[in-house]
Amino acid sequence: MMLGVRITLDPSSPEPLSEQLAAAIAERIRRGSLAPGARLPTVRALAEDLGLAANTIAKAYRALEEAALVQGRGRQGTFVTERLPERLPDRERRLAEAADAFARRGSQLGFGAAELRLALDRALRGR
């Protein structure tokens, strides 16, 4: 395994493989197993190593970039950021987790961003 420790993904889990992979890499970054500035494997190499589609790896890498845990540098590759983002206060973190769970579940059910926003607006108006 190119990331130092074997990553085990559960294909039977309702959580998409890309999200499982992003979470596993994020945990290694936060623990320090992947050092600041470390270069991640190429999408193609990691896909081959894990037996996954390249799009699955690319989606995980995009999620890590959005979380400011890695930085894509074009042809040079994808690298662990030099500085981790500050952790959100516990209250904000819990809200972010709830929002993420809502978005994932809505996506699993086939709803798009606009439909999810409408559902959230309706729920907020009902309070």
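Computed from a predicted model, the values in this text were never measured in an experiment.

Cut-off values and rules
- Numbers given to residues run from 1 along each chain, matching the order in which its sequence is written.
- Only residues with pLDDT of at least 70 are given local features in this predicted model, and only at 80 or more are side-chain atom pairs given and counted; all residues enter the totals for whole chains, interfaces and linings.
- Think of the side-chain values as coming from all heavy atoms in the structure, minus any hydrogens and water.
- Numbering of helices and strands starts at the N terminus; helices are DSSP runs of H or I of at least 4 residues and strands are runs of E of at least 2.
- Only protein chains enter the accessibility calculation, which uses a 1.4 Å probe; a residue is then buried when its area is under 20% of its type maximum, exposed when over 50%, and partly exposed in between.
- Contacts were defined at the residue level, with two residues in contact if any of their heavy atoms lie within 4.5 Å.
- In short, Shrake-Rupley with a 1.4 Å probe defines the accessible areas, and a residue's cover is counted only from the protein chains shown.
- For the purpose of charge, His is not counted, nor are the chain termini; Lys and Arg are scored as positive and Asp and Glu as negative.
- Positions of charges follow a simple convention, taking NZ of Lys, CZ of Arg, CG of Asp or CD of Glu.
- Summary of the metric used: pLDDT quantifies the predictor's per-residue confidence within the range 0 to 100.
- Planes of paired rings set the category: under 30 degrees apart is stacked, over 60 is edge-to-face and the rest tilted, where pairs are Phe, Tyr or Trp rings (Trp by its six-membered ring) whose centres lie within 6.5 Å.
- Consider the ring centre and the ring normal. A charge sits over the ring if Lys NZ or Arg CZ is within 6 Å of that centre and within 35 degrees of that normal.
- How far a helix is expected to stretch is found by multiplying one less than its residue total by 1.5 Å.
- Each patch is built from salt-bridge-free residues with over 30% relative accessible area, joining like charges within 9 Å and nonpolar side chains (Val, Leu, Ile, Met, Phe, Trp, Tyr) within 5 Å.
- Counted as salt bridges are all cases of a side-chain nitrogen of Lys or Arg within 4 Å of a carboxyl oxygen of Asp or Glu.
- The definition of a nonpolar core used throughout is a set of buried Ala, Val, Leu, Ile, Met, Phe, Trp, Tyr and Cys residues joined through side-chain atoms within 4.5 Å.

Draft legend 1. How the structure looks around the overall build of the protein chain. Assigned secondary structure in the protein chain consists of five helices and two strands. Going residue by residue from the N terminus, the α and β elements of the protein chain occur as α-α-α-β-β-α-α. The C-alpha extent of the protein chain, read off along each of the three principal axes, is 50 × 30 × 25 Å. Residues counted as buried form 27% of the 127 residues belonging to the protein chain. Considering only residue pairs separated by 6 or more positions, the protein chain has 48% of its internal contacts joining residues 24 or more positions apart. As displayed, the protein chain offers around 8900 Å² of accessible surface, 51% of which is attributable to carbon and sulfur atoms. For the protein chain, the distance from the average position of its 21 positive side-chain charges to the average position of its 16 negative side-chain charges is 1 Å.

Draft legend 2. The arrangement of the confidence of the model for the protein chain in detail. On average, residues of the protein chain carry a pLDDT of 89, and 93% of them reach 70 or more. Within the protein chain, the lowest mean pLDDT, 84, falls on helix H4 (residues 90–108), and the highest, 96, falls on strand S2 (residues 78–80).

Draft legend 3. Quick peek at the packing of aromatic side chains. All told, the structure shown has zero aromatic pairs when counted by the stated rule. Note that Arg 73 overlies the ring of Phe 79, its terminal NZ or CZ placed 4.1 Å from the centroid.

Draft legend 4. Structural context of helix H3 (residues 54–66). Between the first and last C-alpha of H3 there are 18 Å, a value that for 13 residues agrees with the 18 Å anticipated at 1.5 Å per step. On its buried face, H3 is in contact with helix H1 (17–31), helix H2 (43–50), strand S1 (70–72) and S2. Once H3 ends, the next one or two residues include Ala 68, with phi positive near 60 degrees.

Draft legend 5. Examining a nonpolar patch on the surface more closely. Taken together, the side chains of Phe 102, Leu 120 and Leu 124 present a nonpolar region at the surface, about 280 Å² in accessible area. Relative to the elements of secondary structure, Leu 124 occurs in helix H5 (residues 113–125).

Draft legend 6. Here's a closer look at the environment of Arg 105. Looking at the secondary structure, you find Arg 105 in helix H4. For Arg 105, a relative accessible area of 46% gives the class partly exposed. Placed 67 residues apart in sequence, Arg 105 and Ala 38 show a C-alpha to C-alpha distance of 33 Å.

Draft legend 7. Local environment of the nonpolar core. One finds Leu 21, Ile 25, Ile 29, Leu 46, Ile 57, Tyr 61 and Leu 64 to be the most contacted residues of the largest nonpolar core, which totals 21 residues. Those elements giving two or more residues to this core turn out to be H1, H2 and H3. If one sorts the elements of this core by residue count, H1 sits on top with six residues.

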